[in-house]
Amino acid sequence: MPTTVPPAGPAPGSRTNRIGLAVLDYRGGKTTLCAGCGHNAISERILEAFFDLGVPPERVAKFSGIGCSSKSPAYFMSRSHALNAVHGRMPSVATGAALANRKLVPLGVSGDGDTASIGIGQFVHLMRRNLPMIYVIENNGVYGLTKGQFSATADVGSKLKTGTVNELPPIDTCALAIQLGATLVGRSFSGDKKQLSAMLKAAVAHRGTSMLDVISPCVTFNDHEGSTKSYAYMKDHDAPLQELSFIPAFEDISVEYDPGTTTDVTMHDGSHLRLRKLEEGYDPSDRARAVARLMESARTGEVLTGVLFVDPDAASFVDALGMVDEPLATLPQERVRPPRAALDEIVEALR
Amino acid sequence: MPGTETHSPDAPSRPAARGPVVNDFSIQVATANGSGSQSSNTVLLRAIFQMGVPVSGKNLFPSNIAGLPTWYTVRASKDGFIARKKEIDVLVAMNAETAREDVLALAPGAVVVHDAALALAGLREDLVLYPVPFDKIVAPLTPDAKLRKLLRNMAYVGVLARLLSIDMAEVETAIGKQFGRKAKARELNVAAARAGFEHAATIEKRDPFSVRRMDATRGKIVVDGNSACALGAMFAGVTVVTWYPITPSSSLVESLIGYLRKYRVGPDGKATYAVVQAEDELSAIGMAVGAGWAGARAMTATAGPGVSLMSEFAGLGYYAEIPAVIFDVQRVGPSTGLPTRTAQGDVLSTAFLSHGDTQHVLLFPGTVEECFTMAVDAFDLAERLQTPVFVMTDLDLGMNVWMADPFPYPERPLDRGKVLSGADLERLGGFARYKDVDGDGIGWRTLPGTEHPKAAYFTRGTGHDENAAYSESPVVFERNMERLARKLETARSLVPAPEVHGAGKAKVGIVAYGSSHPAVVEARVQLQRERGIETGYLRVRGYPFAREVHAFVERHERVYVVEQNRDAQLAALLQLDLAPELAPRLRRVAHVHGLPLDARSVSDEILTLEAR
């Protein structure tokens, strides 16, 4: 597998998307992560997805916690507001912002430590709310910024550079997310450009929580022999469930497919996610069996990738709250301060 | 009652010695938690209030759903004193578990209305005992034993009405108000009160206490501070409310939810707000910070343990400069402490909540009216100053009902602070998020979603420069921290100004805040009337302290800082802020036992320290 950053899509300025912006308009600051870090590739896939779908960067709000992964929102889409929160608490700030302005497209970037260790409390509650947001875990199994300690997604038997072996079972964030109610759950690999791109685009099209766990090797602390989150390990153990393709709502969907081998999922915005089955019998609409299959894969050591679960029609948290259509944040005074008569009535009842 | 000492020889003179006592006494009702006595006590308080007599109520309850002892004190005061009164004049003993101890704690001459089943005769010879067969009185009202148990409590209201000359018509009006449209409950309770009233006709009155109609409550309302905060928040235009239930703050949000449903849902059924019950306080404050960042008027409400959990996010809010309003309805700490008792123990820790050089803006409402007005102020200040603002109320203020003037409709338009629109950016050609362009330490911000290519900035808790870019430069860091200090200076003149009482000639000053106010008002009268000591009084209403606070200390030789905590927390804050030569003037009158502050404790302590 390549250990360098894959080239960015089209060269800057070479073409514009459907809202007339160039890829350059989706770029961010220069990365300070290690050369070859999987996170940089994911940043590229994210900005490409928004570019390709023509989402105005100003509509996207980026959120993160603390760690290498959580730094990465500074390295893509500078024209999007970003809030780098405290360690493990990105879900809550994203939730608050999403409620304040329901027109935003919230994108959270977290790591395995930030999510599965310190942040597991907020993570599980975010999953059960089905808040419309994209939640990407850049999963490398170790804490990079503090020099390579295990996180809670490290597999049993995986070995640190120091020789320390992890004895504790990993938390499977995908299994958790599916069990708790997330409505688009996938696992991918930072090196699988095609799969990750399609998955990210489906996440942008989805109205609900999209939880994508992306194995993203740490070239400095966890890419050696004995690691289960290395480029080499993924090359040998990646077991894709489907071959993914994504057809945006604004494109012609007449491309034919064979319903016998391909599942077509119509997303909330009218776009289509097509899953060409690579594993016979896998049904991404069955929560219980998806979890069972993940547990089985943990035994066999294969890393299942692809769309593990999808339910494009579930009600989102924002819908359930019955809020007005406009962003709460900018409602004018006359809509948020009840009239004098209301206070008079309240006071009268207290006499 | 916990914390009550047995009577001492120098207790104030008893009623028997001073003839009839009208509109100036306290009634304490001792029952078991969950027995429905809260309704009866509210009716009792309201009936007196409706007779135009100033009245206050204090609920002393356990951290328990049902069964443990609870006490409710109603104080009638013709002079309008509404602080807790230490001395109990009339005890209603309904709880077998505490009756003996409660009776032993009374001062001579006190009255005891008690369940006849409690064998209290012979326990004390110096009290006026009125045994009442409550079971017998309520027996004819309903065959339902459970209901009869509740009705016993309304029967004592009837008994008291007869004994204390409380107008039965007012009692019935109050019952109507209490039970609203529940006709069956209303009828039964009226019947119970009447049965008590009738029974009491057979009692020979041997005490001096009575209520007589006055005209001192006209136009007033009766409300608890939590509801007042909730109303303030609603009229401040709160849009995102995130919370985690914790005593004594839960009723603030529950009351708010009720009002929002009624007044903030459009004809199309759509709400102009979102309320989320979070999984914990970490999340509650995180959501509020996220919402505030995105431009909402966001709040959460909590108490001590919750504030502790919110510490890290409070620091992010301070450093990344994000508005949010946090209501801290203080209870007794440390740790879980006494969850259902009152204190002012979070002052120091909240002022500096979180690590590093973090400091926060605090507001201290001292009345339920201020719970309303300061809730409105808090949202304006949070957005004006771009920082978390803490409204420091407490259990006494929040959960007890108080007489109040009707809340003023907020005339000032919402202050949404310094926010740049897309059009502004077009005109300016860009902006620097943390640049002090106006000299007040407050930068201009943009909201996510603003449609302009230069609107975005990267909000972070890491070191940052004026453009919000990551920076580890020592120079940049120091400059930014100095600007934040400048912002706190600006806050001094924006927080509610202190309230100053007194002619300005006194040598003795008193500084207090929050729910200590009623006790201090009364204590000043005691000091003046009984000892001829004139005092000046400054009530702190905000932190960072306004300059007037320093001037007040300068004007007085000795300044007593009265507060409800052990460590004199506000005095400590003040000491940090005062010129060093003024600091020795401060004297500490700081206690915490969980009970609302009473005037006598304040005046006695000041006298003791004055004698030194």
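This is a predicted model, so every value here is computed, not measured.

### A short note on the overall build of chain B
Check the secondary structure of chain B and you find 20 helices and 24 strands. Taking 2.2 N^0.38 as the reference for a compact globule, 612 residues should give roughly 25 Å; the C-alpha atoms of chain B span a radius of gyration of 26 Å, in line with that estimate. Counting every position in chain B, which comprises 612 residues, the buried fraction comes to 55%. Considering only intrachain contacts with a sequence separation of at least 6, the fraction spanning at least 24 residues in chain B is 76%.

### Structural notes on the sheet that holds strand β4 (residues 69-77) of chain B
Residues and elements named next belong to chain B. Ordered in space as β3-β4-β2-β5-β6-β7, the 6 strands form an open sheet in which the pairing is mixed. Looking at which strands have only one partner, the edges of the open sheet turn out to be β3 (55-60) and β7 (128-132). Strand-to-strand twist in this sheet, taken as the mean axis angle between neighbours without regard to direction, amounts to 15°. In terms of strand pairing, strand β6 (residues 111-115) meets β7 through 5 bridges, oriented parallel. Counted as the bridge partner of Val112 is Leu129 from β7.

### Focus: the interface of chain A and chain B
At the junction of the two partners, chain A supplies 49 residues and chain B supplies 56 residues. Among the elements of the structure, β2 (81-84), α3 (90-100), α5 (120-129), α11 (333-336) and α12 (340-349) of chain A are those that each provide at least two residues to the side of chain A that touches chain B. A per-element tally of the side of chain A that touches chain B places α3 of chain A first, with 8 residues. Classifying every residue of the side of chain A that touches chain B by side-chain character gives 26 nonpolar, 14 polar and 9 charged. Where β2 of chain A lies against strand β18 (residues 458-460) of chain B, 3 bridges are found, and the strand directions are parallel. Bridge pairing links Ala82 of chain A to Phe458 of chain B in β18 of chain B.

### Considerations on the sheet that holds strand β9 (residues 238-240) of chain A
Taken together, the 9 strands give an open sheet; going across it, the order is β9(A)-β13(A)-β7(A)-β8(A)-β4(A)-β3(A)-β1(A)-β2(A)-β18(B), and neighbouring strands pair in mixed fashion. Strands with a single pairing partner mark the edges of an open sheet, and in this sheet they are β9 of chain A together with β18 of chain B. The mean inter-strand angle of the sheet, taken between neighbouring strand axes irrespective of direction, is 20°.

### Some remarks on the nonpolar core
Core analysis: the largest hydrophobic core is formed by 280 residues, its most contacted members being Phe50 and Ala97 of chain A together with Ile48, Leu91, Ala155, Leu160 and Val561 of chain B. Setting aside residues no more than four positions away along its own chain, Val561 of chain B makes contact with Val511, Ala568, Leu570, Ala571, Leu574, Leu586, Arg588 and Val589 of chain B. The next biggest cluster of nonpolar side chains, apart from the first, holds 9 residues, and it includes Cys68, Phe150, Ala154 and Cys218 of chain A.

### Notes on the environment of Val500 of chain B
Residue and element names in this part refer to chain B. Checked against the element boundaries, Val500 lands in strand β19 (residues 499-501). Here the alpha-carbon distance between Val500 and Lys182, two residues 318 residues apart in the chain, equals 46 Å. Discounting chain neighbours no more than four positions away, the residues touching Val500 are Leu538, Glu548 and Phe552.

### What about the pairing of strand β10 (residues 242-247) of chain A?
Residues and elements named next belong to chain A. Across the 6 residues of β10, 5 count as buried, placing the element largely inside the fold. Taken together, the 6 bridges between β10 and strand β12 (residues 272-277) define a ladder with antiparallel strand orientation. The residue of β12 that forms the bridge with Glu243 is Arg276.

### Quick word on the packing of α3 of chain A against helix α9 (residues 281-293) of chain B
Where α3 of chain A meets α9 of chain B, the axes come as close as 6 Å, and the angle between the chain directions of the two elements is 45°. With respect to their mutual orientation, α3 of chain A and α9 of chain B come out oblique. For α3 of chain A against α9 of chain B, the interelement crossing comes out right-handed. Where α3 of chain A abuts α9 of chain B, its residues Ser92, Val93, Ala94, Thr95, Gly96, Ala97, Leu99 and Ala100 of chain A lie against Ser283, Gly286, Met287, Ala288, Val289, Gly290, Ala291 and Trp293 of chain B. Taken together, the residues of the contact of α3 of chain A with α9 of chain B sort by class into 10 nonpolar, 6 polar and no charged.

### Details of the pairing of strand β14 (residues 338-342) of chain B
Where strand β13 (residues 324-332) of chain B lies against β14 of chain B, 2 bridges are found, and the strand directions are antiparallel. Residue pairing in the sheet places Arg331 of chain B in a bridge with Thr342 of chain B of β14 of chain B.

### Some words on unusual backbone geometry
Residues and elements named next belong to chain B. Between Gly333 and Pro334 the backbone carries a cis peptide bond, its omega angle lying at 0°. Structurally, Pro334 is set in the loop between β13 and β14. Cis peptide bonds are those with omega within 30 degrees of zero, and the linkage from Tyr543 to Pro544 qualifies with 5°. In this model, Ser165 sits at a positive phi of 60°, which is unusual for a non-glycine residue. With respect to the secondary-structure elements, Ser165 resides in the loop between α4 (145-164) and α5 (168-179). In this model, Gln386 sits at a positive phi of 50°, which is unusual for a non-glycine residue. Within the secondary structure layout, Gln386 lies in the loop between α13 (368-385) and β16 (388-394). A residue is classified by how many C-beta atoms lie within 10 Å of it, and Gln386, with 25 of them, is buried.

### What about the confidence of the model for chain B?
Residue and element names in this part refer to chain B. When pLDDT is averaged along chain B, the result is 95; 97% of the residues meet or exceed 70. Between residues 4-16, whose pLDDT stays under 50, and residues either more than four places distant or in other chains, the model counts 21 contacts. Under the prediction, the complex receives an ipTM of 0.95, its pTM being 0.96.

### Let's talk about the environment of Ala110 of chain B
Residues and elements named next belong to chain B. Examined against the element boundaries, Ala110 turns out to sit in the loop between α2 (96-104) and β6. Taking C-alpha positions, Ala110 is 25 Å from Asn400, a pair spaced 290 residues apart along the chain. In this structure, Ala110 is in contact with Ile88, Asp89, Leu91 and Leu127, ignoring residues within four places of it in sequence.

### Some details on the packing of α5 of chain A against helix α6 (residues 173-180) of chain A
Each pair of packed helices gets described by two things: the angle between the helix axes and the distance between those axes. Residues and elements named next belong to chain A. Packing of α5 against α6 leaves a shortest axis separation of 8 Å and a crossing angle of 40°. Judged by the inter-axis angle, α5 sits oblique to α6. As for the relative orientation of α5 and α6, their crossing is right-handed in sense. Residue-level contacts link Val124, Met127 and Arg128 of α5 to Leu176, Ala177 and Leu180 of α6. A per-class count over the contact of α5 with α6 returns 5 nonpolar, no polar and 1 charged.

### Concerning α6 of chain A
Residue and element names in this part refer to chain A. Of all 8 residues that make up α6, 6 are buried, and the element is covered over most of its length. Turning to α6, its buried residues number three or more, namely Thr173, Cys174, Ala175, Leu176, Ala177 and Ile178. Following α6 by one or two positions, Gly181 has its phi on the positive side, about 125°.

Reading the values: the criteria
- Residues numbered from 1 in each chain as written.
- Chains lettered and ligands numbered in written order.
- Predicted model: local features only at pLDDT ≥ 70, side-chain atom pairs only at ≥ 80, totals over all residues.
- Helix = DSSP H or I, 4+ residues; strand = E, 2+ residues; numbered from the N terminus.
- Rg over C-alpha atoms; globule rule 2.2 N^0.38 Å.
- Buried ≥ 20, exposed ≤ 12 C-beta atoms within 10 Å, placed from the backbone.
- Contact = placed C-beta atoms within 7 Å.
- Pairing = 2+ DSSP bridges.
- Axes fitted to C-alpha atoms, helices over the stretch in contact; angles between N-to-C directions.
- Nonpolar A, V, L, I, M, F, W, Y, C, P; charged D, E, K, R; others polar.
- Core = buried A, V, L, I, M, F, W, Y, C linked by C-beta atoms within 7 Å.
- Parallel < 35°, antiparallel > 145°, perpendicular 65-115°, else oblique.
- Left-handed = near helix turned anticlockwise from the far one by under 90°.
- pLDDT = per-residue confidence, 0-100.

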